[in-house]
Amino acid sequence: MTATAYVKNSRLRVGLRRHPWVYDDAVTKIQGEYENGDVVTVRSEAGKFLAHGFVNDASRLALRLVSFEKSVPITDDLLRERVRDAVALRHDSLRLRERTNAYRVIHSEGDGLPGLIVDRYDDVLALSCSSLGTQRRLDPIVSELLALLEPSAILELGVSEGLRGSEGLPPGRGLISGVLAHPLRTVSIDGLHLHVPLTDGQKTGLFLDQRDNVRLLAGLAPGRRVLDACCYVGAFGLACAQAGARSVLAFDSSEAALELAIANAEMNGVADRVELVKGSLFRELRDRSDAGQTFDLIVLDPPKFAAKARDVKKARKGYLDANMLALKMLTPGGLLLTCSCSHHVGVEMLEGILSEAATRTSVRLRVLERRGAGLDHPVDVHCPEGRYLKAILAQRAGE
Ligand SMILES: C[S@@+](CC[C@H](N)C(=O)[O-])C[C@H]1O[C@@H](n2cnc3c(N)ncnc32)[C@H](O)[C@@H]1O
C-alpha cells in the first residue's frame, strides 16, 4: 500500500498547487509505512488529491512531486515517457544536433524528473542525481537513454557531499554502462571544438548552460579586444577568437581547466590570438585595472558566490566589486556580459548590482538583454527556482 502524505491546505492555492517541491514544514503527517525514496500519494489536510511524489523525511525537500494527475501514477513507464519527451525536445523541437554534439538531455524538474541531470558529450552521457526518489528509479531511465541515444558509456557523477548527506544519497558510481575509452571527449559546439574532462571536470564536464550566450558573444566579437574572466576550458574566449576578435585574454584559477583551455586554443588554431593566464578573479581584475588595461568586450562569469541564502550579503559585495573593476576596464561602446549562477541572486538583484557599479564608476551603461541558460535547460513554469543562471548583456555608452 502506498503511504499518504498530507500537506497544508495552503498548497491548494493556484500558485503553489503544481510546484514540484514541498518543504518539510508544509507536511502535516504521513500515514502508512514507507521508506525514504518511496512513492507516496499527496493530499491536502482536507483530503483532496494533489499529486503523486517521492518522499524523503531526511531532506528539507520532503516531497518531490512528479505527477499531478490522479490517473497518472509514478511508474517505470511514466519515467521512460519523461525521458522520451526530454529527448524529443532537444532533437525534434530544438534541433540541437545540427549545432552540436554536446547538450543537456535532461534538466531535472524542467523535464519532470526531480533532481536528475543528464548531459551528452558526443557518445558519452554524464548523469548526476540529487533526489533519492529518482536515484532509486534510475534503471528504467537509464535503459530508455540507452535505447534512444545508444551511448558508448554512461557515467554517474556524485553530487556535493553536503547534498548527498542531506538527501541520504549513495556516492556516484562512476561508469554505470559501457566502456569509457578515454577520460576526455572532444565535442563541437557551433563550430568550436572543445576537449571535455569527463571524470574530473567541473559540473558534468562543461558549462553547457552558457552555449547560447557564447554564440551571441562570438557574433559580437569581431575586431574587439576581449577579456574572458573565469574562462574554465575557454568556451567564450576561444569562440570570440575564432569569430575574429582582435585579441583575447582569458584567465581562470584552475590549473586543470587552463591546461585544457590551452589545448583547446591549439586545437582550434587560435592560440596566436589568445593569451591564457592562471590567476584569481579579484587579483587579475584589480591588477589589470590598476595598470590601465582596457577591453571592448568583457565576459564576467565567476563561480557561485552565494551557495546559501545567508551568503547573499557577502556575495552581493563580491559581484559589485567584480563588476566595478570590469566597468573600469570597459571602453566606451564596449560590451559586458555579467553572469551569476547563484540561486539566491536573482536577475533583479544582479541588475541592481550593475546599476550600483555603473554609478560608482561613473559609467553610462545600458542593458541590452537579460539572458539565462540555453533552451536545453527548460524551467518548469511552477518552479522558477530552476532559473539559476542569470546573465546581463550591457553596453557602455559614449560619454
Ligand atoms: C561559472 S564557471 C565559468 C564557466 C565558463 N565561462 C564557461 O562558459 O565554460 C566559473 C569558473 O571560475 C573559476 N574560478 C573559481 N574560483 C575562481 C577565482 N577565485 N578566480 C578565478 N577563477 C575562479 C572556476 O575554475 C570556473 O572555471
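Here the residue index of a chain counts from 1 through its sequence in written order. Local features in this predicted model are restricted to residues of pLDDT 70 or higher, and side-chain atom pairs are both shown and tallied only at a pLDDT of 80 or more, whereas totals for entire chains, interfaces and linings draw on every residue. Hydrogens are left out, water is left out, and the side-chain values use all remaining heavy atoms of the structure.

A. Spatial organisation of the site of the ligand. Surrounding the ligand, one finds 16 residues, the nearest of these being Q202, D252, S253, L281 and D301. Any pair of N or O atoms that falls within 3.5 Å is considered a polar contact. Within protein, one atom must be able to donate a hydrogen and the other to accept it, and sequence-neighbouring residues count only if both atoms are side-chain atoms. One nitrogen or oxygen atom from the main chain of S253 is found 3.3 Å from a nitrogen atom belonging to the ligand. L281 places a polar main-chain atom, nitrogen or oxygen, 2.8 Å from a nitrogen atom of the ligand. Amino acids are sorted into nonpolar (Ala, Val, Leu, Ile, Met, Phe, Trp, Tyr, Cys and Pro), charged (Asp, Glu, Lys and Arg) and polar (every other residue, Gly among them). Of the residues that constitute the shell around the ligand, the class distribution is eight nonpolar, six polar and two charged. The cutoff for a nearby residue is simple: one of its non-hydrogen atoms must lie within 4 Å of the molecule or strand.

B. The packing of aromatic side chains, seen in detail. In this scheme Phe, Tyr and Trp rings, the latter by its six-membered ring, pair at centre separations within 6.5 Å, and the angle between planes marks the pair as stacked below 30 degrees, edge-to-face above 60, and tilted otherwise. Inspection of every chain in the model, using the stated rule, returns three aromatic pairs. Between the aromatic rings of F207 and Y232, the centroid separation amounts to 4.9 Å while the plane-to-plane angle is 85°, which identifies the pairing as edge-to-face. One end of the pair, F207, is in the loop between β13 (192-197) and α6 (211-220); the other, Y232, is in the loop between β14 (225-229) and α7 (235-243), with 25 residues separating them in the sequence. Buried residues are those whose accessible area, probed at 1.4 Å on protein chains only, stays under 20% of the maximum for their type, while exposed residues exceed 50% and partly exposed ones sit between those limits. Taking the relative accessible area as the measure of exposure, Y232 reaches 9% and is therefore buried. Geometrically, the ring pair formed by F282 and F305 is stacked, given 6.2 Å between the ring centres and 25° between the ring planes. Note that F282 is positioned in helix α9 (residues 281-290) and F305 in the loop between β17 (295-300) and α10 (312-329), a separation of 23 residues in sequence. A connected cluster of aromatic rings, assembled from ring pairs, spans F282, F305 and Y319. For a Lys NZ or an Arg CZ to count as sitting over a ring, it must be within 6 Å of the ring centre and within 35 degrees of the ring normal. Between the NZ or CZ atom of K29 and the centre of the ring of Y6, over which it lies, the distance is 5.0 Å. A run of H or I in DSSP becomes a helix once it reaches four residues, and a run of E becomes a strand once it reaches two; helices and strands are each numbered from the N terminus.

C. Inspection of the side chain of K390 at higher detail. If you trace the backbone, K390 turns up in strand β20 (residues 390-396). For K390, the side chain forms a polar contact with the main-chain oxygen of S342, separated by 2.8 Å. A distance of 2.7 Å separates a polar side-chain atom of K390 from the backbone oxygen of Y388.

D. Structural context of the domain arrangement of the protein. For each domain, the first and last residues come from an automatic or database assignment. Each assigned domain of the protein is listed with its residue range as follows: domain 1 (3-67), domain 2 (76-182) and domain 3 (207-396). Computed from C-alpha atoms alone, the centre-to-centre distance between domain 1 and domain 2 is 25 Å. Each partner contributes residues to the interface: domain 1 has 15 residues there, and domain 2 has 15 residues. When two parts are put together, the accessible area they lose, computed with a 1.4 Å probe and summed over both, is reported as buried area. Taking both partners together, domain 1 and domain 2 bury about 1,100 Å²; carbon and sulfur atoms supply 48% of that area. Salt bridge criterion: a side-chain nitrogen from Lys or Arg within 4 Å of a carboxyl oxygen from Asp or Glu. Where domain 1 meets domain 2, there are two salt bridges. Where R136 meets D38, a salt bridge forms, and the shortest distance between an N and an O atom there is 2.9 Å. For the interface between domain 1 and domain 2, the tally reads eight residue pairs in polar contact (both at pLDDT 80 or more). The contact definition used throughout considers only heavy atoms, calling two residues in contact when any of these lie within 4.5 Å.

E. Molecular detail of the packing of helix α2 (residues 76-93) against helix α4 (residues 138-149). At a closest axis distance of 9 Å, the pairing of α2 and α4 adopts a crossing angle of 40°. Between α2 and α4 lies a crossing whose hand is right-handed. For the pair α2 and α4, contact is made by D76, L79, R80, V83, R84, V87 and H91 and by P140, I141, S143, E144, L145, L148 and L149, respectively. Split by residue class, the contact of α2 with α4 holds eight nonpolar, two polar and four charged. Only the stretch in contact is used when fitting a helix axis, every axis being a line fitted to C-alpha atoms; angles between N-to-C directions are given from 0 to 180 degrees. Whether a crossing is left-handed or right-handed is set by the direction in which the near helix is turned from the far one by less than a right angle, anticlockwise for left-handed and clockwise for right-handed.

F. Molecular detail of α9. Every buried residue of α9 is listed here: L281, E284, L285, R288 and S289. Burial along α9 is one-sided: seen end-on, the buried residues are contained in an arc of 115°. Turned more than 90 degrees away from the buried face of α9, the exposed residues are R283 and D290. Tucked inside the fold, the buried residues of α9 contact β14, β15 (247-252), β16 (274-278), β17 and α10. Looking at the residues trailing α9, positive phi occurs at G292, about 80°. Read the arc as the range of directions from the helix axis to the C-beta atoms.

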